[in-house]
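Residues per chain are reported as follows:
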Amino acid sequence: MKELLTYIAQSLVDNPDAVSVTEHESEGETVLELRVAPEDMGKVIGRQGRIAKEIRTLMRSVAQRSNKRVSVEILD
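Residues numbered from 1 in each chain as written. Predicted model: local features only at pLDDT ≥ 70, side-chain atom pairs only at ≥ 80, totals over all residues. Heavy atoms only, no water.

**Quick word on the nonpolar core**
Among the nonpolar cores identified, the biggest contains 16 residues, and Leu5, Leu34, Val36 and Met59 are the most heavily contacted of them. For this core, the secondary structure elements donating two or more residues are helix 1 (2-12), strand 2 (29-35), helix 2 (41-45), helix 3 (50-65) and strand 3 (70-75). (Core = buried A, V, L, I, M, F, W, Y, C linked by side-chain atoms within 4.5 Å. Buried < 20%, exposed > 50% of the residue type's maximum accessible area, 1.4 Å probe, protein only. Helix = DSSP H or I, 4+ residues; strand = E, 2+ residues; numbered from the N terminus.)

**Re the environment of Leu34**
Counting through the fold element by element, Leu34 comes out in strand 2. Linking Leu34 and Leu5, residues 29 residues apart in sequence, is a C-alpha distance of 8.0 Å. Once residues within four sequence positions are removed from consideration, Leu34 is found in contact with Leu5, Ala9, Val19, Ser20, Val21, Val44, Glu73, Ile74 and Leu75. (Contact = heavy atoms within 4.5 Å.)

**As for the environment of Leu12**
Mapped onto the fold, Leu12 is located in helix 1. Ignoring any residue separated from it by four or fewer positions in sequence, one finds Leu12 in contact with Lys43, Ile51 and Ile55.

**Let's talk about helix 3**
Here helix 3 spans 23 Å end to end across 16 residues, near enough to the 22 Å set by a 1.5 Å rise per residue. Among all positions in helix 3, only Ala52, Ile55, Met59 and Ala63 are buried. The buried residues of helix 3 occupy an angular sector of 65° when the element is viewed end-on, so they sit on one face. Exposed and oriented more than 90 degrees from the buried face of helix 3 are Arg50, Lys53, Glu54, Gln64 and Arg65. Where helix 3 is buried, its residues contact helix 1, strand 2, helix 2 and strand 3. Of the residues flanking the end of helix 3, it is Asn67, one or two places downstream, whose phi is positive at about 55°. (Expected span 1.5 Å × (residues − 1). Arc of directions from axis to C-beta.)

**Notes on the sheet that holds strand 3**
Spatially, 1-2-3 is the arrangement adopted by the three strands of the open sheet, whose pairing is mixed. Since the sheet does not close on itself, it has two edges, and those belong to strand 1 (20-26) and strand 3, each with one partner. The average angle at which neighbouring strand axes cross in this sheet is 25°, direction not considered. Across six bridges, the pairing between strand 2 and strand 3 is parallel. (Pairing = 2+ DSSP bridges. Axes fitted to C-alpha atoms, helices over the stretch in contact; angles between N-to-C directions.)

**What to know about the side chain of Glu33**
With respect to the helices and strands, Glu33 occurs in strand 2. Apart from the residues within four sequence positions on either side, Glu33 is in contact with Ser20, Val21, Thr22, His24, Glu73 and Leu75.

**As for unusual backbone geometry**
Across residues other than glycine, the phi torsion is negative in most instances, and most of the peptide bonds are trans. For Glu27, which is not glycine, the phi torsion reads 55° and is therefore positive. Its location among the elements puts Glu27 in the loop between strand 1 and strand 2. Look at Glu27 and you get exposed, because its relative accessible area is 78%. The backbone of Gln48 shows a phi angle near 55°, a positive value even though the residue is not glycine. Relative to the assigned elements, Gln48 resides in the loop between helix 2 and helix 3.

Structure representation (structure tokens):
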């Protein structure tokens, strides 16, 4: 999952080397924390948060296939 989120984020931004994803467990759910360069934040979030919402939806559906719970946090 971490690799998929990293791939998606690196595809969206201008500075793919600045993308980092950390993973930890919290209350029975996997939390993926996404960090990108400040100038690429808008590309990951999108207008009115549409891209961020779609990233979260995609990650949730992939996790559901393996009976897991995942949430994505975009940190600055």
